[in-house]
Amino acid sequence: MEKKILFPRVGGFLHGGDYNPEQWLDRPDILEEDVRLMKKAGMNSATLGVFSWSALEPAEGEFHFAWLETVIDRLYENGIYTVLSTPSGARPAWLDEAYPEAMRVDRTGMRARHGGRHNHCMSSPVYREKVAVIDRKLAERFGFHPGVIMYHISNEFSGECFCPHCIERFRAYLACRYDNDIEKLNAAWWTAFWSHRYNNFRQIEPPFSNGENSVMGLNMEWKRFTTWNTNDFMKAEIEVLRGVNPDIPVTANLMRLFEGLDYRKMAPDMDVVSWDNYPAFHNDRETLGETFGETAFQHAVMRSLKRGKPFMMMESAPGLVSWQAVNKMKRPGVHLLACLQAIACGSDSVQYFQWRKGRGSYEQFHGAVVDHLGTDDTRVFREVAEVGELLRKIAPAAGTIVKSKAALLFDWDNRWAIADVKAFSQDSKKYEETCIDIWKAFLRLGVDMDVVGSDEDLDGYDVVAAPMLYMLQPGTAENLKRFVGRGGQLLATYCTGYVDREQLCFLGGFPGDGLKEVFGVVSEEIDSLYPSDRNGIALEDGSRWEVRDYAEVLRVRGARVLGRYTDDFYMGTAALTCREYGQGKAYYMAARTAAEQMTPLFERMLADAGIPVRKLPEGVECHVRSGGAGSYAFYINSTSEQAVISGVTGRDLVTDTEVRGELTLPALGAAVLYTQ
Ligand code: GLA
Ligand code: ZN
């Protein structure tokens, strides 16, 4: 397998972060000191220009780029490369004053006033025009600079707008989606219900808070439209930049499993996926190991948006953040571990928000590599410098990738449909949590699953878990059938295959679209349990799993029953089944149990698929990257106890020692075992 090097000019991992010299233009001494300190911290990149619009264009049509040029030049001369951002994440005051239509309208119909950030209208022609002007000028001035290695589009896209422009575009989008035929839309949205039929596309409004909220199809299309429109805005920015120099890769920084945008629709339009990683370390809800486990899942989501290529961690806090309810410091050693985890999961960068703490305003106390103290001997600075050193040691791993034989299906559409549907139990739908729990249970077995869409190619996977796949996209059922048919091990759960892409229920039995033949079951009813209600599942081998929240009552048609309910009027009926279909097996888990309890089932699926199970001590993770000359197994111990792992060999690049058989990781310790 060849390596996929993201930054050939850099040769290794990127280590850097958001750098805001425009806040310090009156302190040339500080700007000079920054370069010395960056080198001392082992940084080789800086993200410039993220919110620099008012410094770059202080008045309409008046451009001041000299300061930025000086900074980019100086960094480059010192071996520090620039990730150059477009400034569209926040608008200068002159723009809102001259063009108030650039400001967003919220769900109540109220136009925003000037201020904040990430709050412009994605449709506004004048906003798009002003963004295109400054983007073009930046690309012309800096797009061929040898120090500029990447473009960063805007910042953390989010939000929706209900202005007249957006409404018009929404109608045009719907007309296109439904072939200009309002009756197609009426049928898809089931508008005969409550007399909601539309006569024409002009009558359609987005779901204003005092307007139409009760049509599932409308709510869903508005979400899809918001992704489409945001992506269209992003594409317009990218087109301008590529028009000047198409050779610089582009990215946009994403935010974990952000609810508002379907990242899977946006990823194809960027060259590299990047994301901003801010776990709540040391919170009072979970162990540090749990926090790490969930973060590993988020990394897997990002990695899987562009399979076969490294992603980037664009931001993370060097110390603490300033926006969480409790802004707790990362304990000594945790920073290095979290950075190494990002690399282990497939990132080719460790980057921070931010380089230096500003003196004032909203984020003045947000953690940074350089504190208000201004010195290089702080704990945070030292820990960042350690990361720089480690990244240099493991540099040959850059460009390698995590390749998984197992995948978890996660769809944004499905998530939106489950959140919106009037059914089940409103407080315990927990689609995301259910996916994360199952993913983490596999990780504890040493299996680092990809997280892919239900319509994606499943070739290359031997085990697939598809929790709560309530909505089946066109092609999903075929996809799953093919997967099991050619020998895959598939797990589905309660709430599978109830509706199609339009959220119309399948007739003739759930799971619909031909899946009931694959699983050999039909779900006749679903019981939602109160939080204190329990049921149980008695397994063939005598063990018993506890059921909470949901229990479907099944009719079994050709599947083998592996577990039966222990209580209630459906006691003794099937709760866990397996059907051999083609060369593979399709498991159906009709009730919710803790993922931990299902571990024996996961082990059985992995064994049948020939995927080795490696039970790691609690709080220890393993991720493997490979490509080029070898493979790198990352072991991360996020507990405060020493951990011993047996049956491993390789050269540990962290301690530079040979490991043969047994690896001892200190508390919060890590190892990177290299084998040819
Ligand atoms: C986000 C933003 C940054 C900054 C950080 C603070 O990720 O992109 O500009 O606000 O959060 O944590
Ligand atoms: Zn708008």
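Caption draft 1: Inspection of the pairing of strand β23 (residues 643-652) at higher detail. In the sheet, β23 pairs with strand β24 (residues 657-665) via nine bridges, with the strands oriented antiparallel. From the neighbouring strand, Ser646 faces β24, where its bridge partner is Glu662. Counting the residues between successive antiparallel strands, the hairpin from β23 to β24 contains four residues, one of them, Asp656, with a positive phi of roughly 60 degrees.

Caption draft 2: Representation of the packing of helix α5 (residues 125-142) against helix α8 (residues 216-244) in the model. Interhelical geometry of α5 versus α8 gives an angle of 30 degrees and a closest axis separation of 8 Å. Regarding the angle of α5 to α8, the classification is roughly parallel. Considering how the two elements wind past one another, α5 and α8 form a crossing that is right-handed. Of the residues in α8, those touching α5 at Tyr127, Arg128, Val131, Ala132, Asp135, Arg136, Ala139 and Glu140 are Asn229, Asp232, Phe233, Ala236, Glu237, Val240, Leu241 and Val244.

Caption draft 3: Representation of the coordination of the zinc ion (ligand 2) in the model. Taken together, the protein donors to the zinc ion (ligand 2) comprise Cys121 (SG), Cys161 (SG), Cys163 (SG) and Cys166 (SG), at separations of 2.3 Å. Viewed at the metal, the four donor atoms of the zinc ion (ligand 2) are separated by angles of 101 to 118 degrees, and the geometry they form is tetrahedral. Overall, Cys161 belongs to the buried group, its relative accessible area being 5%.

Caption draft 4: Examining the sheet that holds strand β7 (residues 274-277) more closely. With parallel pairing, nine strands are arranged side by side in an open sheet as β5-β4-β3-β2-β1-β9-β8-β7-β6. Both edges of this open sheet fall to β5 (250-251) and β6 (253-254), since each of them pairs with a single strand only. Each of β1 (14-19), β2 (45-48), β3 (81-85) and β4 (148-152) touches helix α3 (residues 66-77); the most contacted strand, β2, lies at about 170 degrees to it. In the packing of helix α11 (residues 334-344) onto the sheet, the strands contacted are β8 (311-316) and β9 (347-352), and the crossing angle to β9 comes to about 145 degrees.

Caption draft 5: Expanded view of the sheet that holds β24. Taken in spatial order, the five strands of this open sheet run β21-β22-β25-β23-β24, and their pairing is antiparallel. Single-partner strands in this sheet number two, and they are β21 (620-627) and β24. Geometrically, the sheet is characterised by an average inter-axis angle of 25 degrees between neighbouring strands, direction not taken into account.

Caption draft 6: Highlighting the pairing of β4. Where burial is concerned, most of β4 is hidden: five out of the five residues are buried. When β3 meets β4, the two strands line up parallel, connected through four bridges. Within the sheet, the bridge partner assigned to Leu84 lies in β4 and is Tyr151. Two elements, β4 and β5, share two bridges in a ladder whose sense is parallel. Of the residues in β5, the one forming a bridge with Tyr151 is Val250.

Caption draft 7: View of the pattern of salt bridges. Evaluation of the coordinates by the stated rule reveals 49 salt bridges. Between Lys357 and Asp371 there is a salt bridge whose closest N-O contact spans 3.0 Å. Residue Lys357 is found in the loop between β9 and α12 (379-393), and its partner Asp371 is found in the loop between β9 and α12; the two are separated by 14 residues along the sequence. Overall, Asp371 belongs to the partly exposed group, its relative accessible area being 29%. For Arg651, the salt bridge goes to Glu658, with nearest N and O atoms at 2.6 Å. The structure contains a network of salt bridges with shared partners spanning Arg177, Glu221, Arg224, Asp413 and Glu502.

Caption draft 8: Expanded view of the site of ligand 1. In the neighbourhood of ligand 1, the contacting residues comprise Phe51, Arg117, Asn155, Glu156, Asp276, Tyr278, Glu315, Trp323, Phe353, Glu363 and His366. Interatomic distance of 3.4 Å between a side-chain N/O atom of Asp276 and an oxygen atom of ligand 1. One of the side-chain N or O atoms of His366 is found 2.7 Å from an oxygen atom in ligand 1. Against a free-state accessible area of 300 Å², the protein chains account for coverage of 97% of ligand 1. Residue composition of the shell around ligand 1, grouped by class: four nonpolar, two polar and five charged.

Caption draft 9: Layout of helix α13 (residues 412-420). Burial runs high along α13: eight of the nine residues are buried. Among all positions of α13, only Trp412, Asp413, Asn414, Arg415, Trp416, Ala417, Ile418 and Asp420 are buried. Looking at the buried positions of α13, the neighbouring elements they touch are α8, α9 (263-266), α10 (288-305) and α14 (431-444).

Caption draft 10: Focus on empty space enclosed by the protein. In the structure shown here, the tally under the stated rule is four cavities of 30 Å³ or more. In this structure, the largest cavity spans a volume of roughly 60 Å³. As for the largest cavity, its lining consists of Arg104, His120, Cys121, Met122, Gly159, Glu160, Cys161, Cys166, Phe225, Thr226, Asn229 and Thr230. At four residues, the largest contribution of residues to the lining of the largest cavity is made by α8. Partitioning the lining of the largest cavity into residue classes produces five nonpolar, five polar and two charged.

Caption draft 11: Broad picture of the environment of Asp541. Tracing the sequence through the fold places Asp541 in the loop between β15 (535-539) and β16 (544-556). A relative accessible area of 64% places Asp541 in the exposed class. Once the C-alpha coordinates of Asp541 and Gly115 are considered, the two residues, 426 residues apart in sequence, prove to be 62 Å apart. Among the polar contacts made by the side chain of Asp541, one reaches the side chain of Ser543 at a distance of 2.6 Å.

Caption draft 12: Quick look at the nonpolar core. Counting residues in hydrophobic clusters, the biggest one holds 183 residues, and the most contacted among them are Trp355, Ile394 and Leu408. Counting residues per element, this core draws most heavily on α11, which supplies nine residues. Setting aside its immediate chain neighbours within four residues, Trp355 contacts Asp18, Tyr19, Asp34, Leu37, Met38, Ala41, Met43, Ala368, Val369, Val370 and Phe381. If you look at the next biggest cluster of nonpolar residues, it comprises 24 residues, including Cys161, Cys163, Ile204 and Val215.

Caption draft 13: Highlighting the state of the cysteines. Enumeration over the complete set of coordinates arrives at zero disulfides. Distance from the sulfur of Cys345, which forms no disulfide, to the nearest cysteine sulfur (Cys622) is 10 Å.

Cut-offs used in this document
- Residues numbered from 1 in each chain as written.
- Chains lettered and ligands numbered in written order.
- Predicted model: local features only at pLDDT ≥ 70, side-chain atom pairs only at ≥ 80, totals over all residues.
- Heavy atoms only, no water.
- Pairing = 2+ DSSP bridges.
- Helix = DSSP H or I, 4+ residues; strand = E, 2+ residues; numbered from the N terminus.
- Axes fitted to C-alpha atoms, helices over the stretch in contact; angles between N-to-C directions.
- Parallel < 35°, antiparallel > 145°, perpendicular 65-115°, else oblique.
- Left-handed = near helix turned anticlockwise from the far one by under 90°.
- Contact = heavy atoms within 4.5 Å.
- Donors = N, O, S within 2.8 Å, 3.2 Å for Na, K, Ca; no water.
- Tetrahedral: all angles 85-135°; square planar, octahedral: opposite > 155°, others 65-115°.
- Buried < 20%, exposed > 50% of the residue type's maximum accessible area, 1.4 Å probe, protein only.
- Salt bridge = Lys/Arg side-chain N within 4 Å of Asp/Glu carboxyl O.
- Near = heavy atom within 4 Å.
- Polar contact = N/O pair within 3.5 Å; in protein donor to acceptor, adjacent residues only side chain to side chain.
- Areas by Shrake-Rupley, 256 points an atom, 1.4 Å probe, with all protein chains shown as cover.
- Nonpolar A, V, L, I, M, F, W, Y, C, P; charged D, E, K, R; others polar.
- 1 Å grid on protein atoms, 1.4 Å probe; cavity = no way out; pocket = protein on both sides within 12 Å on 5 of 7 lines; lining within 4 Å.
- Points joined across faces, edges and corners; volume = space filled by probe spheres on them.
- Core = buried A, V, L, I, M, F, W, Y, C linked by side-chain atoms within 4.5 Å.
- Disulfide = S-S within 2.5 Å.

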